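Descriptive structure summary
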Amino acid sequence: MLTNEQVAAFHRDGFICVEDALSAAQLARINTWLEGCMGRAHGVAASNEVYDFEDTHTPDSPRIRRIKDPVARDPLFWEVVRDPGVSAPLTQLLGPNVRLFGSKLNMKSAGYGAPVEWHQDWAFYPHSNDEGLAVGIMLDDVTAENGPLMVLPGSHKGPILNHHNEDGIFIGGIEDAAHKLDLSKAVPIHGSAGSMSLHHVRAIHGSALNLSGRPRRILFYELFAAHAWPLWSDVTTLKYRNFEHYRDMMIVGEHSNQPRMEAVPVRMPGPWPHGKVDGIFAIQGGGKQRHFGSFKETVGAM
Ligand SMILES: O=C(O)CCC(=O)C(=O)O
């Protein structure tokens, strides 16, 4: 359970870190699954419904930047999010009824793991109210060197910033972030493997390229109070197949058909670069100005 101080810090700053949310045994099971999944990427030519590959990927030398939707790949990932070490803090922050919106495993591999430009998750999937957050379960020790998630404290209480480019295309990132935001105030979230971060759906966050010799793999879950209903977006229609699927995504408590409406600031996402909804990396690739250089920009062409 979270302490009163942790709950207050989440509401004040928009993020917290919880040590030892997962046991060593759970971590070992995830790592075993992950090794198998990484092995199966050999011979795969291009990103598909399971893998999102780095631009420098080749079938002989796979470079995975994200494993998509782990809850759809193995029941283990449902078990993890429903484990009291994860779900009890969720009910403290979101109330007794919590629904899963999505899951992803961001790999940020040693030496080349891709950066994530500054953004608000709320820009991708606005809801009828903002009682939502993302949990990031650290599968490796996360330090200053291997591309920690960084959050701008208090930004969850601010406006929803523009995540579109000058042509009106959704690029999932805040262009010119260094001029629009005081990034010196951004706080990196460090922790040992098994710790978890929780950041508010409106919090501004990002992370740098991982040029260190250690991977930084984080298992993310995106969650909302059941009374927060998604506003229409192509992202939402990808996450939920139909009404039954939506109802089955409850983690704890009861489904609600009575959305709580709140006057929250919203900008709807879309249209999408290349006319299709893709992972954040491809969407942000539609932006011109980058705060964090890509591997090719930083290290040079392969
Ligand atoms: O992996 C990271 O550092 C950031 C992840 C994130 O913000 C996202 O995938 O939306």
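Above this note sits the structure.
The structure contained in this document is the topic of the report that follows. (Residues numbered from 1 in each chain as written. Predicted model: local features only at pLDDT ≥ 70, side-chain atom pairs only at ≥ 80, totals over all residues. Heavy atoms only, no water.)

Attention now moves to the overall build of the protein. When helices and strands are tallied, the protein shows 10 helices and 12 strands. Taken over C-alpha atoms, the radius of gyration comes to 18 Å for the protein, in line with the 19 Å a tight globule of 302 residues would show. Considering only C-alpha atoms, the protein reaches an extent of 50 × 45 × 40 Å along its principal axes. Residues counted as buried form 56% of the 302 residues belonging to the protein. (Helix = DSSP H or I, 4+ residues; strand = E, 2+ residues; numbered from the N terminus. Rg over C-alpha atoms; globule rule 2.2 N^0.38 Å. Buried < 20%, exposed > 50% of the residue type's maximum accessible area, 1.4 Å probe, protein only.)

With that out of the way, let us pick up the packing of aromatic side chains. Tallied over the full model, the rule gives 11 aromatic pairs. Each ring, one from Tyr 125 and one from Phe 224, has its centre 6.0 Å from the other, and the planes form 80 degrees; the classification is edge-to-face. Taken together, the positions of Tyr 125 in the loop between strand E5 (116-120) and strand E6 (132-138) and Phe 224 in strand E11 (residues 218-225) put the pair 99 residues apart, joining distant regions of the chain. The same class applies to Tyr 125 as to Phe 224, namely buried. Among the aromatic side chains, those forming a connected cluster through ring pairs are Phe 101, Tyr 125, Phe 224, Trp 229, Tyr 240 and Tyr 246. We note Arg 99 situated over the ring of Tyr 246; from NZ or CZ to the ring centre the distance is 3.7 Å. (Phe/Tyr/Trp six-rings, centres within 6.5 Å; stacked < 30°, edge-to-face > 60°. Lys NZ or Arg CZ within 6 Å of the ring centre and 35° of its normal.)

Inspection of the region around the ligand gives Arg 66, Lys 104, Asn 106, Val 116, His 119, Asp 121, Leu 149, His 205, Ser 207, Arg 216, Phe 220 and Ile 280 as its neighbouring residues. Side-chain polar atom of Asn 106 to an oxygen atom of the ligand: 2.9 Å apart, as the coordinates give it. Between an oxygen atom of the ligand and a side-chain N or O atom of Arg 216, the distance comes to 2.7 Å. Within the complex, the protein chains bury 97% of what would otherwise be the 290 Å² of accessible surface of the ligand. Every element with two or more residues in the shell around the ligand is listed here: strand E4 (98-106), E5 and strand E10 (204-207). Within the shell around the ligand, the residues separate by chemical class into 4 nonpolar, 4 polar and 4 charged. (Near = heavy atom within 4 Å. Polar contact = N/O pair within 3.5 Å; in protein donor to acceptor, adjacent residues only side chain to side chain. Areas by Shrake-Rupley, 256 points an atom, 1.4 Å probe, with all protein chains shown as cover. Nonpolar A, V, L, I, M, F, W, Y, C, P; charged D, E, K, R; others polar.)

Omega for the peptide link from Gly 270 to Pro 271 comes to -5 degrees, which places this bond in the cis form. Structurally, the position occupied by Pro 271 is in the loop between strand E12 (250-252) and helix H9 (280-284). Phi at Asp 69 takes a positive value of approximately 50 degrees, unusual for a residue other than glycine. By the element assignment, Asp 69 lies in the loop between strand E3 (64-68) and helix H3 (70-73).

Before going further, it helps to spend a moment on the sheet that holds strand E8 (residues 187-188). Sheet strands pair via backbone hydrogen bonds, and the direction of the pair is either parallel or antiparallel. Strand order in the open sheet formed by 4 strands is E5-E10-E7-E8, and the pairing between neighbours is antiparallel. For this open sheet the edge positions go to E5 and E8, each flanked by a neighbour on one side alone. Here strand E7 (residues 150-151) runs beside E10; their pairing, made up of 2 bridges, is antiparallel. Within E10, the residue paired with Met 150 across the bridge is Gly 206. (Pairing = 2+ DSSP bridges.)

Turning to the pattern of salt bridges, a few remarks are in order. Proximity of charged atoms lets side chains of opposite charge pair with each other. Here the structure, examined in full by the defined rule, presents 12 salt bridges. The salt bridge involving Arg 29 is made with Glu 79; its shortest N-O contact spans 2.8 Å. Note that Arg 29 is positioned in helix H2 (residues 24-39) and Glu 79 in helix H4 (residues 76-82), a separation of 50 residues in sequence. Close ionic contact of Asp 182 with Lys 185 constitutes a salt bridge, the shortest N to O distance being 2.9 Å. (Salt bridge = Lys/Arg side-chain N within 4 Å of Asp/Glu carboxyl O.)

This part is about the nonpolar core. Among the nonpolar cores identified, the biggest contains 65 residues, and Ile 67, Val 135, Ile 137, Leu 198, Tyr 221 and Leu 223 are the most heavily contacted of them. Look past the residues within four positions of Ile 137 in its chain and what remains in contact with it is Leu 22, Val 80, Val 86, Ser 195, Met 196, Arg 217, Ile 218, Leu 219 and Tyr 221. If you look at the next biggest cluster of nonpolar residues, it comprises 10 residues, including Trp 118, Leu 183, Ile 204 and Phe 292. (Core = buried A, V, L, I, M, F, W, Y, C linked by side-chain atoms within 4.5 Å. Contact = heavy atoms within 4.5 Å.)

Our next topic: the side chain of Ser 256. By the secondary structure assignment, Ser 256 is in the loop between E12 and H9. Reaching out from Ser 256, the side chain makes a polar contact with the backbone nitrogen of Gln 258 at a distance of 3.0 Å. Ignoring any residue separated from it by four or fewer positions in sequence, one finds Ser 256 in contact with Arg 99, Ala 226, His 227 and Trp 229.

The next point concerns the side chain of Asp 130. Take Asp 130: it is sitting in the loop between E5 and E6. For Asp 130, a relative accessible area of 11% corresponds to the buried category. At 2.7 Å, the side chain of Asp 130 forms a polar contact with the side chain of Arg 202. Residues within four places of Asp 130 in sequence aside, it is in contact with Trp 122, His 200, Val 201, Arg 202, Glu 262 and Val 264.

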